[in-house]
Amino acid sequence: MPSSQAAAFGHDIEPHLTSLFRAAYRLTGNVADAEDLVQDTCLHAFSKRASLRAATSPCNWLIRVQYNLFIDRARLAETRRVERLEPELAATLTGDGRLNPEVRHEERERELRLLDAWSKLMPEQRALLALKAEGHSLADMQAITGLSISVLTARLHRARQRLGRELGRNVDTTDTDLPMECQR
Amino acid sequence: MNCQDLRRLLDNLGREQLDLDATSAVLAHTQTCGACAESWTAVAALREQRIPATPPALLGNIVESCAECERVPDAGRRVRLGWAAFMLTVVGAALAATVILVTTSTEDADSMKALADSPPPDAAEDSTSTNADGSDGPSVTEKAGVRAPAGDSPQAASTSRDTISLDDYSIVVVLSVDRNAADTTQAAVRSVESRLIERLSAEGFNMISGAAVSSYVQAGFEDVEIGRLLGAAVVVTIDSETLRERPQVRIELVDAETESAFGLSVLAIDAVEIFDDFDSPFGDASPLDAIVRSIERRTAPATSLEPEPTTAEIVAENTQTALDTTLSDQDRMMGIVRLRGAQGSIRQDAVIFAAIELAAASDDATVRGTIWQQLRGADSGYLIEPLLAAIDTESDEFARREAAATLADYADDARVRAALERLSRNDASERVREAATGALLPEAELDEMLKARIVDPALPVADRMRALMMNPFGDGRFGFDGSVPIDGEVADALIAIAFDPANDEIDRAAAVLFLRQAATPRSTAILLELLAGDESARVRAAAASALTGAAGETAVRVALEDASDEDSDRSVRSAARRALDGAP
């Protein structure tokens, strides 16, 4: 039976759980590691819950803890790589029910290519790109990472180029180069 | 849309859809620019990535874990032992007459961290450990390994650089404030410390400083040992010294594992930096920037954080910076400084025009003067008019002087000569007049004039050394673009300066460093003699550095190996090791 403090903490973090999980999934590349990362983040946050409640933006506060945790672990692990997405997990991806099998196969292939390229990035590069892909503004990212805007933009630029280069290394995909909204 | 526009768009793009106009502009640009196409490919792939739904059981699992954590209070927390427990560990280790090496993994680090976290006697409340996550979020930086001091006194503790695993992102700052120094000196040392900590924290480093470090210093540990004890791969030492009667702050960067110094900066307290001799591939205007860059460069290869940028990348990035009118004058100036450092001189017309515009419009005299300085060697006819205008209208002495010195590149032009002659007679500032006089001299004549000063034993040694560094103006800045050629006569003068113990140590060391350029059997023998027997560690270290080019010779190699193992001073050991590493 959870204590009242743990239950109250659960109530505090619930609105931010999706953001944390999405960012964690982008960072780790698979559901199991993403769950672990979010859990550990929340455990750290639980021990500092007074700070969490006092934070101006609880979501950014939690993301910052998760960011630091990810970076620290990645630094220690150094060579840890993102595991490839298992085929059965691909089926759990949201929103693919309306796609026919052929399209779904292409989607999965594309996802695997992205994860392959993603695994070749440095942890910091993954972390910054994940935050940006989750829609965080530069100001948010500055608060989360503690980096200056000029350092952030320079590192984002390098990370984008590296990921683009890795993606382009194995694939000739004129039709996957651009997001859906650009193909109209 | 150009590259800069696209980069700005991507930096500010959230999860919203792009409108059609923006999409068309992006498509048009990416079809013509490979680098931007790569960036866009990355962004597009990430925007299309499909993220699984949050597992429904996740929240329940988290709450359950938190409840468990409450039931077992120490679970998941860092355990802090008191000093008494720390001492018990030390005594235990002494009884066992062994050195305990503690290596931790991320998961089971708690008990080991207790040792690292145990503060020495007076290191409780005011110790500083700053993490990139700042004061709001909890720090989760963990030390990869720590070693318990062993023996019955702190001095008995020792660390092994062969086996310990140190955190590349942890930095120990060892501050040494001379209580007898002037208040301004003490304040400057502390100011440098706080600025450095603030800056490196912002760059993501885990800073360990304050009482957490000073108590180890008081207990007699060496700087590098403190770094190893606290699990940090880098030690920054900050102290003060007096050079030519001017108080300075001295900042040294030391690799705790190898004991090698990999950066040194000396800043004059009363004005600007006297010199910094970081091994930097391109120019840095601020010593603080150079320190950060040196540490980042040291860290990057160890963890593959970021690949070392190629010259082409540096040029591309800094060209953009120089041309970006939305940036501050200082940022654009830094772009120009780095650009020049990367490619030797600024050759692109677009950058030259941007630099001229910046030098003409900036309110900051340092920016204006630095721009004129960085345009030296650009060899562009477009510069003549703006430089002539600058020496006529510039109110700041530094900026005017730099403009005059850069005009030396165009001294064949009759108008330039006339203007410089006028300036050399009429300018209110003696330094500007001297710069104009120097600019009018042909290079060979200037070398002769400088050489005459260097070899003149009647002149003060400091003046002779300034002449050696092609800075006859005595303004405290070392070095323009090179030095006077070291022929036999100059080498003899340098040897005499180096061997006279009555001379200032810094002058002797500088003379030794310049002897490297002589590269004769005689100069090698002199350097070996200094390395083996000089009383000054600074001179011995300089001799070791100067022997780098000759380290392929057996006698030199043996001497350097001896020095790297046996010299009593760390800086000499470190210099000898670097010389061996850099041997041809």
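Residues numbered from 1 in each chain as written. Chains lettered and ligands numbered in written order. Predicted model: local features only at pLDDT ≥ 70, side-chain atom pairs only at ≥ 80, totals over all residues. Heavy atoms only, no water.

Student: With reference to specific residues and values, describe the overall build of chain B.
Tutor: Secondary structure assignment for chain B yields 26 helices and 9 strands. Burial status across chain B gives 53% buried among its 584 residues. The long-range share in chain B, meaning contacts at least 24 apart out of those at least 6 apart in sequence, stands at 62%. (Helix = DSSP H or I, 4+ residues; strand = E, 2+ residues; numbered from the N terminus. Buried < 20%, exposed > 50% of the residue type's maximum accessible area, 1.4 Å probe, protein only. Contact = heavy atoms within 4.5 Å.)

Student: Residue-level account of the packing of aromatic side chains, with values.
Tutor: Applying the stated criterion to the full structure yields 4 aromatic pairs over all chains. Against the face of A:Phe46 rests A:Arg49, its NZ or CZ located 4.0 Å from the ring centre. (Phe/Tyr/Trp six-rings, centres within 6.5 Å; stacked < 30°, edge-to-face > 60°. Lys NZ or Arg CZ within 6 Å of the ring centre and 35° of its normal.)

Student: If you had to explain the pattern of salt bridges to someone new, which residues and values would you point to?
Tutor: Residue and element names in this part refer to chain B. By the definition in use, this model includes 20 salt bridges over all chains. Across the pair Arg332 and Glu357 runs a salt bridge whose closest N-O atoms are separated by 3.2 Å. Here Arg332, found in helix α12 (residues 329-343), pairs with Glu357, found in helix α13 (residues 349-361); they are 25 residues apart in sequence, far enough to count as distant. Between Asp534 and Arg508 there is a salt bridge, with its nearest N and O atoms 2.4 Å apart. (Salt bridge = Lys/Arg side-chain N within 4 Å of Asp/Glu carboxyl O.)

Student: Can you tell me about the environment of B:Thr258, naming the residues and giving the values?
Tutor: All names here are of chain B. Its location among the elements puts Thr258 in the loop between β7 (246-255) and β8 (261-268). Judged by its relative accessible area of 32%, Thr258 is partly exposed. Sequence separation between Thr258 and Val224 is 34 residues, and the spatial gap between their C-alpha atoms is 9.0 Å.

Student: Describe unusual backbone geometry, and please don't skip the residues or the numbers.
Tutor: Residue and element names in this part refer to chain B. One non-glycine residue with positive phi stands out, namely Asp379, at about 55°. Structurally, Asp379 can be placed in the loop between α14 (365-374) and α15 (384-393). Asp379 gets classed as exposed once you look at its relative accessible area, which sits at 64%.

Student: Tell me about the pairing of strand β5 (residues 206-210) of chain B, and please be specific about residues and values.
Tutor: All names here are of chain B. Summarising burial for β5: 4 of the 5 residues are buried, a large majority. Alignment of strand β4 (residues 167-176) against β5, held across 3 bridges, turns out to be parallel. Considered in β5, the bridge of Ser170 is made with Asn206. Crossover handedness for the path β4 to helix α7 (residues 183-202) to β5: right-handed. (Pairing = 2+ DSSP bridges. Right-handed = clockwise from strand over helix to strand, strands pointing away.)

Student: Let's hear about helix α25 (residues 554-566) of chain B: which residues, and what values?
Tutor: Residues and elements named next belong to chain B. Over its 13 residues, α25 runs 18 Å from end to end, which matches the ideal 18 Å to within 8%, given 1.5 Å per residue. For α25, every residue scored as buried is listed here: Val556, Leu560, Ala563 and Ser564. Looking straight down α25, one finds that the buried residues subtend no more than 95° of arc, so they occupy a single side. Turned more than 90 degrees off the buried face of α25, the exposed positions are Thr554, Ala555, Asp565 and Glu566. For α25, the elements touching its buried residues are α23 (521-533), α24 (537-546) and α26 (570-581). (Expected span 1.5 Å × (residues − 1). Arc of directions from axis to C-beta.)

Student: Describe empty space enclosed by the protein, and please don't skip the residues or the numbers.
Tutor: In the structure shown here, the tally under the stated rule is 8 cavities of 30 Å³ or more. A volume near 110 Å³ is recorded for the second largest cavity. In terms of lining residues, the second largest cavity is bounded by A:Leu129, A:Lys132, A:Ala133, A:Arg160, B:Leu10, B:Leu13, B:Gly14, B:Val43, B:Leu46 and B:Arg47. Elements that contribute at least two residues to the lining of the second largest cavity include exactly α8 (123-133) of chain A together with α3 (34-48) of chain B. Per-class residue counts for the lining of the second largest cavity are 6 nonpolar, 1 polar and 3 charged. (1 Å grid on protein atoms, 1.4 Å probe; cavity = no way out; pocket = protein on both sides within 12 Å on 5 of 7 lines; lining within 4 Å. Points joined across faces, edges and corners; volume = space filled by probe spheres on them. Nonpolar A, V, L, I, M, F, W, Y, C, P; charged D, E, K, R; others polar.)

Student: Which residues make up the packing of helix α2 (residues 17-28) of chain A against helix α3 (residues 31-47) of chain A, and what values go with them?
Tutor: Residues and elements named next belong to chain A. Where α2 contacts α3, the two axes come as close as 8 Å, and the packing angle between them is 130°. It follows from the interaxial angle that α2 and α3 lie oblique. Relative to α3, α2 is oriented so that their crossing is right-handed. Contacts between α2 and α3 involve Leu17, Leu20, Phe21, Ala24, Tyr25, Leu27 and Thr28 from the former and Val31, Asp33, Ala34, Glu35, Leu37, Val38, Thr41 and Cys42 from the latter. For the contact of α2 with α3, the class distribution of residues is 11 nonpolar, 2 polar and 2 charged. (Axes fitted to C-alpha atoms, helices over the stretch in contact; angles between N-to-C directions. Parallel < 35°, antiparallel > 145°, perpendicular 65-115°, else oblique. Left-handed = near helix turned anticlockwise from the far one by under 90°.)

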